[in-house]
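Per-entry structural report
Here is what each chain is made of, one letter per residue.
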Amino acid sequence: MSTATFGSTRLPREQHRALKKAKRLQVISLVYLATAVSLVAAVMGSSQAMKAAWIEDCLSFLPPLAFLLAVRKVRREPDHEHPYGYHRAVGAAHLAASVALLALGGFMVVDSMMTLVRQEHPTISTIDLFGHTVWLGWVMMGALVYTGFPPVILGRMKLKLAEQLHDKVLYADADMNKADWSTAGGAMLGILGIGLGLWWADSVVATFIAASIVKDGWTNISNALSGLLDRQARTYDDSEDHPAIDQVRRFFAGLPWVDEVAVRMRDEGHVFHTEVFVVPVGEPSLQTLETARDRARELDWKLQDLQVVPVSELPA
């Protein structure tokens, strides 16, 4: 089997398989999204809720594209201008997609609320389908079923891969996919509201859909910026400090020649840049330091860029 790398980091077999599967899923997602966006555009009529669902589907192109571009970029080896490699491409892609989510979500909130203020009454006509007159709302809801539920399955498949690859763009994409059913369900309520004569229900639902996009965008911008500003390394879902920090600390604390230890670890994208400060007992040899470093790297595949720094006292 061929070897996959993230820059100078060689991926273990499990991560190699996960990367191939993730890329395949993202290509499938893009093909599916193309059909979903075309279908919704064909039937959305004047419904604000359908318009919001369509725009959200269009925005769903961003994370898969960002992921595919980022994993291509990070494979480049470090060079003179980029001695740490190109791992930050993941964070840059995460930030770019998040800004687009926030901007378009904000536009949709304003647009939907203005429709309420102007008291625009959307209408849903009928169409001739196989010789029968059918209310277009039923066709719209059928389209929403198609756009709402397959992404939930794709999202659950991507979620496990995001953890294996420590990929926050893939996680953000999976998280959005898992929530697509709520957008589809909300848009269906808006269409039913129009059918029952509740003209305002459509715009209210559209506003809630837009607000959820704004929330996703803001949360992802916050997490992406924190990573780019060298926050202590966290798990792929940003829920807590990464367990590798404590693993490295315990490993060095257990060495007989180490008196005190502190670990500084930042997330470069898929891998970590780690500095281990140790107050040694006596004067450990260069071979002792290098052996400890190499053994520590074996704790987690993401710890390839790890340095051991002997100091007289730990930094603040």
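All values reported here derive from a predicted model rather than from experimental measurement.

The terminal C-alpha atoms of helix 2 (residues 48-59) lie 16 Å apart, and with 12 residues this matches the ideal 16 Å at 1.5 Å per residue to within 8%. Among the 12 residues of helix 2, 9 are classified as buried, and the element is accordingly described as predominantly covered. What helix 2 keeps buried is the set Gln-48, Ala-49, Met-50, Ala-52, Ala-53, Ile-55, Glu-56, Asp-57 and Leu-59.

Residue placement: Gly-269 occurs in the loop between strand 5 (258-267) and strand 6 (272-280). Note on Gly-269: relative accessible area 10%, which makes it buried. Placed 216 residues apart in sequence, Gly-269 and Ala-53 show a C-alpha to C-alpha distance of 31 Å. When neighbours within four sequence positions are excluded, Gly-269 is seen to be in contact with His-87, Val-90 and His-166.

This next bit is on empty space enclosed by the protein. Enumeration according to the criterion identifies 5 cavities of 30 Å³ or more in this entry. In this structure, the largest cavity encloses a volume near 150 Å³. Lining the largest cavity we find 14 residues, and of these Gly-91, Lys-168, Gly-227, Asp-267 and Gly-269 sit closest to its centre. Of all elements in the fold, only helix 4 (89-117), helix 7 (168-178) and helix 9 (199-228) reach the threshold of two or more residues within the lining of the largest cavity. In terms of residue count, the dominant contributor to the lining of the largest cavity is helix 9 (4 residues). Grouping the amino acids of the lining of the largest cavity by side-chain chemistry returns 4 nonpolar, 6 polar and 4 charged. Its volume calculated, the second largest cavity comes out at about 60 Å³. Surrounding the second largest cavity, Ser-29, Tyr-32, Leu-33, Ser-60, Pro-64, Pro-151, Leu-154, Lys-158, Asp-173, Asn-177 and Asp-180 form its lining. Residue classes in the lining of the second largest cavity are distributed as 5 nonpolar, 3 polar and 3 charged.

Averaged over all residues, the pLDDT of the protein is 88; the fraction at 70 or higher stands at 99%. No element of the protein has a lower mean pLDDT than strand 3 (residues 126-129), which averages 72, and none a higher one than helix 10 (residues 243-253), which averages 97.

The next thing to look at is the UniProt feature "domain: Cation efflux protein transmembrane" (unreviewed entry) in the protein. Under the feature "domain: Cation efflux protein transmembrane" (unreviewed entry), the UniProt entry names residues 27-229. The span residues 27-229 carries 77% helix and 4% strand; its end-to-end C-alpha distance comes to 31 Å.

Let us now look at the side chain of His-242. Residue position: His-242 is located in the loop between helix 9 and helix 10. For His-242, the residues in contact, after removing those within four places along its chain, are His-166, Ala-233, Arg-234, Thr-235, Phe-272, Asp-300 and Lys-302.

Each regular strand displays side chains that alternate between the two surfaces of the sheet. Where strand 3 lies against strand 4 (residues 132-135), 4 bridges are found, and the strand directions are antiparallel. Bridge pairing in strand 4 links Ile-127 to Val-134. Hairpin connection from strand 3 to strand 4: 2 residues lie between these consecutive antiparallel strands, with Phe-130 at a positive phi of about 55°.

Under the UniProt annotation, the feature "transmembrane region" (unreviewed entry) is placed at residues 27-46, 52-71, 92-114 and 134-154. Across residues 92-114 one finds 100% helix and 0% strand; the C-alpha atoms that close the span lie 33 Å apart. Annotated as 86% helix and 10% strand, the span residues 134-154 places its first and last C-alpha atoms 32 Å apart.

Cut-offs used in this document
- Residues numbered from 1 in each chain as written.
- Predicted model: local features only at pLDDT ≥ 70, side-chain atom pairs only at ≥ 80, totals over all residues.
- Heavy atoms only, no water.
- Helix = DSSP H or I, 4+ residues; strand = E, 2+ residues; numbered from the N terminus.
- Expected span 1.5 Å × (residues − 1).
- Buried < 20%, exposed > 50% of the residue type's maximum accessible area, 1.4 Å probe, protein only.
- Contact = heavy atoms within 4.5 Å.
- 1 Å grid on protein atoms, 1.4 Å probe; cavity = no way out; pocket = protein on both sides within 12 Å on 5 of 7 lines; lining within 4 Å.
- Points joined across faces, edges and corners; volume = space filled by probe spheres on them.
- Nonpolar A, V, L, I, M, F, W, Y, C, P; charged D, E, K, R; others polar.
- pLDDT = per-residue confidence, 0-100.
- UniProt positions renumbered as here; feature names shortened; annotations may be inferred.
- Pairing = 2+ DSSP bridges.

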